[in-house]
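Residue-level listing of the chains:
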Amino acid sequence: SMASPALLMRVVASAYSVAEKAATIVRNVMAAGDLGIVEKTGANDLQTKADRLVQMSICASLARKFPKVTIIGEEELPADEVTEELIEDGHCEEILKKTCPAQYTGIKEEELVIWVDPLDGTKEYTEGLLDHVTVLIGIAYGGKAIAGVINQPYYNYEAGAGAVLGRTIWGVLGMGAFGFQLTEAPAGKHIIVTTRSHSSTLVNDCISALNPDSVIRVGGAGNKIIQLIEGKASAYVFASPGCKKWDTCAPEAILHAVGGKITDIHGNSFQYNKEVKHMNSAGVLATLRNYDYYASRIPNTVKQSLVP
């Protein structure tokens, strides 16, 4: 008989289906028209009904299947009973058929930490910039991001009637990443993707110092990593605190699975063990290729302003 799939592959296969369910919830909340917006710390830090319902759905669905895994979500929610219609029990068969990388075959449930951003790009969601929005499920082991799922609920939303709406990208270190076409940015061009709603003097000074050919300002960390892996940008630079572990865990796993690199502005890698602080207080620098080119050009004044 076939050996049953390794735990990691079962978690990723479930996370894939859970993310697809999340996308349906995101689209349904938008279609119903009442976003239920509340400000958390201010006008740039919003939570909607979609953030709340999606987090409940993701966390409850994964916790039911994998009760000993630590799951950390962005939103602080009351421990309500989750209704059955929010539970997703399915999994992606195609993922279960793939062979787990040898270094991860012995993982136990209690060794995994799942970082969940139910709706990355909430501000953009409330403003109708729907292509910026992602659902992020990152899976960490030994403090490292080793697998991730990124769903874009509105991928293709401007392609007209008949287009398939939404897509799910997933990846595992040592295996690769799937669900998109890996593309490198134009050679010799320095195209920087950065924050849309959290700009500052520091953010802008850092970008100027890199002397870019162009700058793309978009919402969402998941969205920015997609810009890198699809060749629309050559570096993601964010010289500010503000990004959190649930923003970077899934994107990091997918970027690293295709040979890219993400660190803070100082070049330190991110840690994802369950005790770690949630804030990435020293910003973000990520590339698919040519990481050293950008890292070597971050001004010391910027580094001194951002304490890890």
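What you see is a predicted model, and the numbers here were worked out from it, not measured in a lab.

Draft legend 1. Expanded view of the UniProt feature "binding site: Mg(2+)" (unreviewed entry) in the protein chain. Per the UniProt annotation, the sites labelled "binding site: Mg(2+)" (unreviewed entry) are Glu74, Asp117, Leu119, Asp120 and Asp247. Spanning 174 residues, the named residues form one tight spatial group whose C-alpha atoms are at most 9.7 Å apart. Here Asp117 is to be found in strand β4 (residues 112-120). When near neighbours in sequence (up to four residues on either side) are disregarded, Asp117 contacts Glu74, Thr134, Val135, Leu136, Trp246 and Asp247. Its relative accessible area of 5% is what places Asp120 among the buried residues.

Draft legend 2. Expanded view of the pattern of salt bridges. Tallying each qualifying case throughout the model produces ten salt bridges. Between Glu74 and Lys40 there is a salt bridge; the shortest N-O distance is 3.4 Å. With Glu74 in the loop between β3 (70-73) and α3 (93-96) and Lys40 in strand β1 (residues 38-42), this residue pair connects regions lying 34 residues apart in the sequence. Overall, the relative accessible area of 33% leaves Lys40 in the partly exposed class. Salt-bridge contacts for Glu127 lead to Lys123; the nearest nitrogen and oxygen are separated by 2.6 Å. Counted as one network, the salt bridges with shared partners bring together Lys40, Asp45, Glu74 and Glu75.

Draft legend 3. Structural detail: the sheet that holds strand β5 (residues 134-141). An order of β3-β4-β5-β6-β7-β8 is seen for the six strands of this open sheet, with the pairing classed as mixed. Edge positions in the sheet fall to β3 and β8 (176-178), since each of these pairs with one other strand and no more. Taken over all neighbouring pairs, the strand axes of this sheet differ in orientation by 15 degrees on average, direction set aside. Pairing of β5 with strand β6 (residues 144-152), which is carried by seven bridges, proceeds in the antiparallel orientation. Paired with Gly138 across the bridge in β6 is Gly148. Where helix α2 (residues 49-65) meets the sheet, it contacts β3, β4 and β5, and its direction lies at approximately 155 degrees from that of β4. Relative to β5, helix α6 (residues 221-229) is tilted by about 85 degrees, and along the sheet it contacts β4, β5, β6 and β7 (167-172).

Definitions and limits used
Here the residue numbering is sequential within each chain, running from 1 through the sequence in written order. Per-residue local features of the predicted model are confined to residues with pLDDT of at least 70, and side-chain atom pairs are confined, for both listing and counting, to 80 or more; whole-chain, interface and lining totals are unaffected and use all residues. Heavy atoms from the whole structure form the basis of all side-chain values; hydrogens and water molecules are not counted. UniProt positions are given in the numbering used here, feature names are shortened, and annotations may be inferred rather than shown by experiment. The secondary structure listing takes helices from DSSP runs of H or I that are at least 4 residues long and strands from runs of E that are at least 2 residues long, numbered from the N terminus. What makes two residues a contact is simply this: any of their non-hydrogen atoms within 4.5 Å. Each residue is assigned to one of three classes by its accessible area relative to the maximum for its type, calculated with a 1.4 Å probe on protein chains only: buried under 20%, partly exposed between the two thresholds, exposed over 50%. By definition here, a salt bridge exists when the distance from a side-chain nitrogen of Lys or Arg to a carboxyl oxygen of Asp or Glu is within 4 Å. A pair of strands is treated as paired once DSSP finds two or more bridges between them. Every axis in this analysis is a line fitted to C-alpha atoms, fitted for helices over the stretch in contact. Angles between the N-to-C directions lie between 0 and 180 degrees.

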